[in-house]
Amino acid sequence: MAWKKIAEKNTINLNNGKEFDINGKKIAIFNQDGYHAMDAICVHQDSSIATGKLDGDIVECPSHFWHYNIKTGELQDYLKGVKLQTYPVEERNDGIYIDLE
Ligand code: FES
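Notes on the structure follow.

Reading guide: rules and limits
- Residues numbered from 1 in each chain as written.
- Predicted model: local features only at pLDDT ≥ 70, side-chain atom pairs only at ≥ 80, totals over all residues.
- Helix = DSSP H or I, 4+ residues; strand = E, 2+ residues; numbered from the N terminus.
- Buried ≥ 20, exposed ≤ 12 C-beta atoms within 10 Å, placed from the backbone.
- Pairing = 2+ DSSP bridges.
- Axes fitted to C-alpha atoms, helices over the stretch in contact; angles between N-to-C directions.
- Core = buried A, V, L, I, M, F, W, Y, C linked by C-beta atoms within 7 Å.
- Contact = placed C-beta atoms within 7 Å.

Let us now look at unusual backbone geometry. You will see that Asn-23, though not glycine, has its phi angle at about 50°, which is positive. Inspection of the secondary structure puts Asn-23 in the loop between β2 (16–22) and β3 (25–31). Residue Asn-23 is classed as exposed on the basis of its 8 C-beta neighbours within 10 Å.

Here we take up the sheet that holds strand β6 (residues 58–60). Pairing in this open sheet of 3 strands is antiparallel, and the strands run β5-β6-β7 from one edge to the other. Since the sheet does not close on itself, it has two edges, and those belong to β5 (53–55) and β7 (67–69), each with one partner. Between one strand and the next, the sheet's axes are offset by a mean angle of 25°, whatever the strand orientation.

Turning our attention to the nonpolar core. For soluble globular proteins, nonpolar side chains are generally found buried alongside one another. Counting 22 residues, the largest nonpolar core has Ile-27, Ala-28, Ile-29, Ala-37, Ile-49 and Tyr-68 as the members making the most contacts within it. Broken down by secondary-structure element, the contributors of at least two residues to this core are β3, β4 (35–39) and β10 (95–99). Sort the elements by how many residues they give to this core and β3 lands first, with 4 residues. Ile-29 has contacts with Ile-12, Gly-17, Lys-18, Phe-20, Tyr-35, Ala-37, Val-89 and Ile-96, leaving out every residue within four places of it along the chain.

Right, let's talk about the sheet that holds strand β9 (residues 89–92) for a bit. If you walk across this open sheet you meet the 3 strands as β1-β10-β9, and the pairing is antiparallel. The sheet is open, and its two borders are formed by β1 (3–7) and β9, each paired with just one other strand. The mean angle between the axes of side-by-side strands here comes to 35°, regardless of whether they run parallel or antiparallel. Note: β9 against β10, 4 bridges, orientation antiparallel. Paired with Val-89 across the strands is Ile-98, a residue of β10.

Okay, the environment of Pro-88 next. Along the chain, Pro-88 falls in the loop between β8 (86–87) and β9. Note on Pro-88: 14 C-beta atoms within 10 Å, which makes it partly exposed. Linking Pro-88 and Ile-98, residues 10 residues apart in sequence, is a C-alpha distance of 5.8 Å.

Here is the structure:
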C-alpha cells in the first residue's frame, strides 16, 4: 500500500472528473457515486478522459467518444477485454488519497 494525498477535499466537483499527474502518471479521478481513480489516457489515441462527460458510471472520451466504466476501467465499445488500470481512492478528513500500488 502506498497511499498518497493528491488533493484537498472538495476540489473535484460532484459529477466531474479531474486529471492529476502522480509520479509521472496521468490519473483521472471522478467524483460520481464516491471517488473513482483510473489511468487518464484513452487507449484509442491518447486523449485524456478526465474531463469527459459522465453518465452514471460511464465516462465518454472527449475526442472520439469511446466509453469507459469509471469503477472498473473497462472499455464499453469496440474492443472486448480492454481496461484502464483503476486505483483505490478515498476521501479522508484532510484530503483525497490514492493508492498507486
Ligand atoms: S482518443 Fe479517446 S476515443 Fe479517440
